[in-house]
Amino acid sequence: MADKSLTWYLQQGRSAEEAGPRYVMDDEYTVVRATIHGKPAPAARDVQVNFTNDGVDMLSSPLMLGKTISSSESELSEFSTVSIAKDSVVALRLVQDDNVALTVQLELEKEA
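Residues numbered from 1 in each chain as written. Predicted model: local features only at pLDDT ≥ 70, side-chain atom pairs only at ≥ 80, totals over all residues. Heavy atoms only, no water.

Consecutive side chains of a regular strand alternate in pointing toward one face of the sheet and then the other. Bridge count between strand 2 (residues 23–24) and strand 9 (residues 89–96): 2 bridges; the pairing is antiparallel. Paired with Tyr-23 across the bridge in strand 9 is Val-90. Strand direction decides the pairing type here: strand 4 (residues 47–53) and strand 9, joined by 6 bridges, are antiparallel. Within strand 9, the residue paired with Asn-53 across the bridge is Val-90. (Pairing = 2+ DSSP bridges. Helix = DSSP H or I, 4+ residues; strand = E, 2+ residues; numbered from the N terminus.)

Below, the structure written as structure tokens:
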């Protein structure tokens, strides 16, 4: 079970630059899971997002929501080396957008 969950809700009809809140970390964490849900499913092109840690992408390839599916979940193994330091700023970055309503979640565990 995750110790912390960061959530971004993005409305349909948003501006291209809008990517929701930025979170300042209160402790050191490791990323364990990320999910993305869109409604309706993207029609024109895939939606791709990444997470930034002090402005640097955390994933080597973006988390994607495909045109033909309405939910996508990344695998734990993609995050095995992603560490977030205390006081880091974590944000969502829209890599490619189709302007559908999105809920994106990043689950974290405290580092030992």
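Detailed reading of the predicted model is not advised wherever pLDDT is low. Averaged over the protein chain, the pLDDT score is 81; the fraction of residues at 70 or greater is 79%. At the level of individual helices and strands, the protein chain shows its lowest average pLDDT in strand 7 (residues 71–73), which scores 56, and its highest in strand 2, which scores 98. (pLDDT = per-residue confidence, 0-100.)

All right, on to the environment of Met-64 then. With respect to the helices and strands, the residue Met-64 is situated in strand 6 (residues 63–65). The class of Met-64 is partly exposed, set by a relative accessible area of 37%. A C-alpha to C-alpha distance of 6.5 Å links Met-64 and Val-49, two positions 15 residues apart in sequence. (Buried < 20%, exposed > 50% of the residue type's maximum accessible area, 1.4 Å probe, protein only.)

Residue position: Ser-88 is located in the loop between strand 8 (83–84) and strand 9. Reaching out from Ser-88, the side chain makes a polar contact with the side chain of Asp-54 at a distance of 3.5 Å. Within the structure, the side chain of Ser-88 is placed 3.0 Å from the backbone oxygen of Ala-85, a separation counted as a polar contact. Leaving out residues up to four positions away in the same chain, Ser-88 has contacts with Tyr-23, Val-24, Met-25, Asn-53 and Asp-54. (Polar contact = N/O pair within 3.5 Å; in protein donor to acceptor, adjacent residues only side chain to side chain. Contact = heavy atoms within 4.5 Å.)

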